[in-house]
Amino acid sequence: MRTRHMGAATLAALTALTLAACGGSSDVGGGGDATGDSGGGDSIKIGIKFDQPGLGYQDGSDYTGFDTDVARYVADKLGYSEDQIQWVEAPSANRETMLQTGQVDMIFATYSITDERKEQVAFAGPYFVAGQDLLVAQDNTDITGPESLKGKNLCSVTGSTSAQRIKDEYAADVQLVERPSYVECVTALTAGQVDAVTTDDIILAGLAAQPANKGKVKVVGNPFSEENYGVGLPKDNDTCSKINDAIQSMIDDGSWEKAVTSNTEGTGYTPNADLNPPTPEPCA
């Protein structure tokens, strides 16, 4: 009887371990500490930018911006309160690796959906559509768009779609300078080390509106791409459709428009009304 009793106990323990393993983090995206479905876990790791005012910005222990507002809304719909969110910095060049290695469960970081990236990670969304533009010195009248960049020094961030587009389409005319962050690019611009900075219009608007940059730089206002911001996820996930539902709910109940307005107020930026708000694409 003793042997049979020990066997049953062992079986029960193994069963519990198996069930725990099956719950795992894959219900949220396949990485980090998040476990269970719809908030069954202790926390969720969300990648954002820390240096993009109005989108993803760290100020001490506070995290602000449109990306963070969308992330909070989505996390809430998945069952996670704000105090269960672990914010993780997600530089452009590291985003795919961070998702693949489980450093984050999902990424809201002005993350443009592209076919090339889809080969490595999955996307929910889009939740916003921006356009690549240029930031120049306030008194600059020479640069009016990408066609006027010949012979110019142009700064963008390593690993961004903006930098890649310049390499693909304007490499013969432009000297591209790559930096780890757009803050460094703007610093180079105000110091006269580069002629322009390029990334998405909403990012540039937030940077131009910063007190240190006001009156020194301006957004050209001639976007030359469509950037569909998606929620980056590991390839093997089962939350894409839940996130799409949350994004649509945010749009439908007015929270999306409120978040856009509050995070762009004072920048002079207006989203492209023909493209926004977008409709989330079906999950592959």
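Residues numbered from 1 in each chain as written. Predicted model: local features only at pLDDT ≥ 70, side-chain atom pairs only at ≥ 80, totals over all residues. Heavy atoms only, no water.

Some thoughts on the state of the cysteines
Here's step 1: The final tally for this structure, using the stated rule, is two disulfides.
Here's step 2: Paired through a disulfide, Cys155 and Cys185 show a sulfur-sulfur distance of 2.1 Å. With the S-S bond torsion at -70°, the cross-link from Cys155 to Cys185 turns out left-handed. Residue Cys155 is found in strand 9 (residues 153-157), and its partner Cys185 is found in helix 6 (residues 182-190); the two are separated by 30 residues along the sequence.
Here's step 3: The buried category is assigned to Cys155, whose relative accessible area is 0%.
Here's step 4: In the chain, the cysteines engaged in disulfides, taken in order along the sequence, are linked 1-2, 3-4. (Disulfide = S-S within 2.5 Å. Helix = DSSP H or I, 4+ residues; strand = E, 2+ residues; numbered from the N terminus. Buried < 20%, exposed > 50% of the residue type's maximum accessible area, 1.4 Å probe, protein only.)

Regarding the packing of aromatic side chains
The geometry of an aromatic ring pair is captured by the separation of the ring centres together with the interplanar angle, meaning the angle of the planes.
Here's step 1: All told, the structure shown has 11 aromatic pairs when counted by the stated rule.
Here's step 2: Consider the rings of Tyr63 and Trp87, whose centres lie 5.9 Å apart with planes at 35°: the pair is tilted. Of this pair, Tyr63 sits in strand 4 (residues 62-64) while Trp87 sits in strand 5 (residues 85-89); the two residues are 24 residues apart in sequence, bridging distant segments of the chain.
Here's step 3: Residue Trp87 is classed as buried on the basis of its relative accessible area of 14%.
Here's step 4: Ring geometry for Phe128 against Tyr229: centres 5.9 Å apart, planes inclined by 40°, an arrangement best described as tilted. Taken as a pair, Phe128 in strand 7 (residues 122-130) and Tyr229 in strand 13 (residues 227-233) lie far apart in primary sequence, 101 residues in all.
Here's step 5: The class for Phe128 is buried, based on a relative accessible area of 0%.
Here's step 6: The rings of Phe66, Phe108, Tyr127, Phe128, Tyr229 and Trp256 are connected pair by pair, giving a single aromatic cluster. (Phe/Tyr/Trp six-rings, centres within 6.5 Å; stacked < 30°, edge-to-face > 60°.)

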